[in-house]
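# Summary of the model geometry
The residues making up each chain are set out below.
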Amino acid sequence: MAAMEATGKAQKRLKSKMLKKQQEQAHHDAMAGILNKVFGRVSHSRYIIHCGATNSGKTYNALMALKQKETGVYLAPLRLLAWEIYDKLIADGHSCDLITGEEQIVGPQGSRFTSSTIEMLDCNKAYDIAVIDEAFMVGDRERGKAWTKAILDVKAEEVHIIVNPEALQVVQGLLTLTGRKYEVKKYEMLSKFRFAEHPVFFTKSIDKGGVFITFSRVNVLIAKMQFRELGLNAGVLYGNLPPEVKRTQIQGFINGEFDVMVCTDVIGMGLNLPCNYLVFLDIEKYDGVASRQLSPTEVRQIAGRTGRYGLSADDCFVSANGDYKLRRVRELYAIPDNVHKAYVGFDFEMFSSFPVGMSINDRVSAFQNIQFIPEKLRSMVFRESVARYFEIASLVDKKAFTLDVKWILLTAPIKNNNKTYFSSIVAEYARDGIMRIPKTGQLYDIKEYEDKISEIELYLNLSRSLNHQTNEKVYIREQKELLVNRLSEMLLDKKLAAGKKCKLCSTMLELTYPYPYCGTCYNERVRRRWDDDDFHY
């Protein structure tokens, strides 16, 4: 009897194992089929690769080709860069639409051109020409999929790819693997900079027209205050600033309202500033996982903002605020650092190819764990990082949601400063089918303004993607504009102190002070209130 039971259990285990293997094979075949369709698609597009270092004129020449066509799309890595090209095309007399996750400015009669963030590319729309900027990003573990998809899927007679020398080989590899014809146009730097012999320190004799690089919002604002103490007015650029505020800061520097700029590596994504010299205040950055030294490519991208052709002085240089940092920047700049990978993404077609009842977590796991990339592509093509999907998979996997809605929420532009709001609106949308607009209320410091604008942008993105009809969209856009203007005023204020106030008495606090209340208010008002309400058992 015992032997029969053991045999039965063994057979069940074997059957379960075989069933699991069959399911995995089915998932593999589905995902591999989708990938083969992308890489096997026949294209008659003419590809032109514009290859050169920063400040070599490659983007200028690609945009000149765009302007010669009847219809075209420019694909940017940043909303700010999409705005910049949109403004330039409009200023040159061309009709142009702007499409990003948060903004849609569409002409009433149909425009010739579209300036868009790359993730917003409509692969079903045909163009005479497409311009894909900063194609080195094809090797980014989280966003590279958008460049791979644009290169292989965009419908255009001509596709112009703008790339630095480090990523030329991988872009050529993608085109060769898929049987596409291309030509390469190479460019030399139009104006070159030199490395300074000595470090640059904060002194009253510091020259105007410099850009200073650090890698956190707090460090940017601290440097701004240090410059103010030296009698210099500094503009700032960092990731959490809305594009509208970044544009104000850049224009202020161009117009001479700011003496210097303090920026994070956001400057390395093709932004144009009249930078006479650039100083690295830090050579390490936190990348979301750990603090690490800058890569050679990052150093070249940032340093290349120096001496912009037609904007800057003749004798431009790169330095750092210490001997070791300056020496290390020079060394990193000279190290070859080629991009060897192109990433493919977990897109909606793959997401929806699994059985109906399969959880989001299991769908993401299948993409991560099953090797579905054909062997001939494996030396170059890799799967995107899906860590961020795992973080919110259970949150958005609600029975009330259709698969389309789950996908929209799973791929929403969530940031650290809007995660709490995202969680609340997901719960409300599942329960009531509505999304609560962010409460603006009383805001005290720069970070609170940034956070609230981020929440509003997330709301606008999701309400558009979900086609959520509400009469409050006009109101919330007006509120965002007010917040953006106020944030711009706070950053433009030459008397800006720490930019952070006690929530009870409005006393200015140190920028790095971790609490919302000053010590006096905490001891006399907050803590006393707790003491008065002691629990009694």
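Here, every reference points to the structure presented above.
Conventions used here
- Residues numbered from 1 in each chain as written.
- Predicted model: local features only at pLDDT ≥ 70, side-chain atom pairs only at ≥ 80, totals over all residues.
- Heavy atoms only, no water.
- Helix = DSSP H or I, 4+ residues; strand = E, 2+ residues; numbered from the N terminus.
- Buried < 20%, exposed > 50% of the residue type's maximum accessible area, 1.4 Å probe, protein only.
- Contact = heavy atoms within 4.5 Å.
- Pairing = 2+ DSSP bridges.
- Phe/Tyr/Trp six-rings, centres within 6.5 Å; stacked < 30°, edge-to-face > 60°.
- Axes fitted to C-alpha atoms, helices over the stretch in contact; angles between N-to-C directions.
- Left-handed = near helix turned anticlockwise from the far one by under 90°.
- Nonpolar A, V, L, I, M, F, W, Y, C, P; charged D, E, K, R; others polar.
- Parallel < 35°, antiparallel > 145°, perpendicular 65-115°, else oblique.
- Salt bridge = Lys/Arg side-chain N within 4 Å of Asp/Glu carboxyl O.
- Core = buried A, V, L, I, M, F, W, Y, C linked by side-chain atoms within 4.5 Å.

### Describing the overall build of the protein
- Check the secondary structure of the protein and you find 17 helices and 18 strands.
- Split into buried and exposed, the 537 residues of the protein put 50% on the buried side.
- Sequence separation of 24 or more characterises 72% of the internal contacts of the protein that already satisfy a separation of 6 or more.

### Considerations on the pairing of strand E16 (residues 317–320)
- Every second residue of E16 is oriented toward a common face, with Phe317 and Ser319 on one face and Val318 and Ala320 on the other, all of them buried.
- Alignment of strand E9 (residues 194–195) against E16, held across 2 bridges, turns out to be parallel. Paired with Arg194 across the bridge in E16 is Phe317.
- Sheet topology places strand E13 (residues 277–280) next to E16; 4 bridges connect them, and they run parallel. Pairing of Phe280 across the sheet is with Ala320, part of E16.

### Description of the packing of aromatic side chains
- Under the defined criterion, the tally for this structure stands at 19 aromatic pairs.
- Taking the centre distance of 5.6 Å and the plane angle of 80° together, the rings of Phe193 and Tyr333 count as edge-to-face. Here Phe193, found in the loop between strand E8 (182–187) and E9, pairs with Tyr333, found in helix H9 (residues 323–334); they are 140 residues apart in sequence, far enough to count as distant.
- In this structure Tyr333 comes out as partly exposed when scored by relative accessible area, which is 23%.
- Consider the rings of Phe195 and Tyr333, whose centres lie 5.4 Å apart with planes at 75°: the pair is edge-to-face. With a gap of 138 residues between them, Phe195 in strand E9 and Tyr333 in helix H9 connect regions that are remote in the sequence.
- For Phe195, a relative accessible area of 18% translates into the label buried.

### Some thoughts on the packing of helix H3 (residues 79–91) against helix H7 (residues 243–254)
- At their nearest, the axes of H3 and H7 sit 9 Å apart, and the two run at 60° to each other. At the point where H3 passes H7, the crossing takes the right-handed sense. Residues Arg79, Leu80, Trp83 and Asp87 of H3 pack against Pro243, Lys246, Arg247 and Ile250 of H7.
- When its residues are assigned to classes, the contact of H3 with H7 shows 4 nonpolar, no polar and 4 charged.

### A short note on the packing of helix H12 (residues 387–396) against helix H13 (residues 403–410)
- It is the contact of H12 with H13, at a shortest axis distance of 10 Å, that shows an interaxial angle of 140°. It follows from the interaxial angle that H12 and H13 lie oblique. Of the two possible hands of crossing, H12 and H13 adopt the one that is right-handed. In contact with Tyr389, Ile392, Ala393 and Val396 of H12, H13 contributes Lys406, Leu409 and Leu410.
- Taken together, the residues that form the contact of H12 with H13 break down as 6 nonpolar, no polar and 1 charged.

### Structural notes on the sheet that holds E9
- If you trace the 6 strands from one edge of the open sheet to the other, you get E9-E16-E13-E10-E12-E11, paired in parallel fashion. The outermost strands of the open sheet, each flanked by one partner alone, are E9 and strand E11 (234–237).
- Where strand E10 (residues 210–213) lies against strand E12 (residues 260–263), 3 bridges are found, and the strand directions are parallel. Across the sheet, the residue bridging to Phe212 is Val262, located in E12.
- Sitting on the sheet, H9 touches E9, E13 and E16, and the angle it makes with E16 is about 130°.

### Structural notes on the pattern of salt bridges
- Summed over the entire model, instances satisfying the criterion amount to 32 salt bridges.
- As a salt-bridge pair, Asp397 and Lys406 come within 3.0 Å of each other at their nearest N and O atoms.
- Measuring nitrogen to oxygen at the nearest pair gives 3.6 Å for the salt bridge that ties Arg486 to Glu489. A residue pair is termed a helical-turn pair when its members lie 3 or 4 positions apart in one helix, as Arg486 and Glu489 do in helix H16 (residues 473–492) at 3 residues.

### Looking at helix H4 (residues 144–153)
- For H4, the tally of buried residues reaches 8 of 10 residues, placing the bulk of the element in the interior.
- Among the residues of H4, Gly144, Ala146, Trp147, Thr148, Ala150, Ile151, Leu152 and Asp153 are the ones counted as buried.

### So, the pairing of strand E5 (residues 113–117)
- For E5, the tally of buried residues reaches 5 of 5 residues, placing the bulk of the element in the interior.
- Residues of E5 alternate between two faces, with Phe113, Ser115 and Thr117 on one and Thr114 and Ser116 on the opposite face, all of them buried.
- When strand E3 (residues 96–99) meets E5, the two strands line up parallel, connected through 4 bridges. Bridge pairing in E5 links Asp97 to Thr114.

### Section: the sheet that holds strand E2 (residues 72–76)
- Ordered by their spatial adjacency, 8 strands build an open sheet running E4-E3-E5-E2-E6-E7-E1-E8, and the pairing between neighbours is mixed. With partners counted over all chains shown, the strands left at the sheet margins are strand E4 (104–105) and E8, one partner each.
- Where E2 meets strand E6 (residues 126–132), 4 bridges bridge the pair, whose relative direction is parallel. Bridging from a neighbouring strand, Leu75 pairs with Ile132 of E6.

### Considering the nonpolar core
- Counting residues in each nonpolar core, the largest one holds 161 residues, and the members touching the most others are Val211, Phe280 and Leu462.
- Per element, the largest residue contribution to this core is 8 residues, and it comes from helix H15 (residues 446–465).

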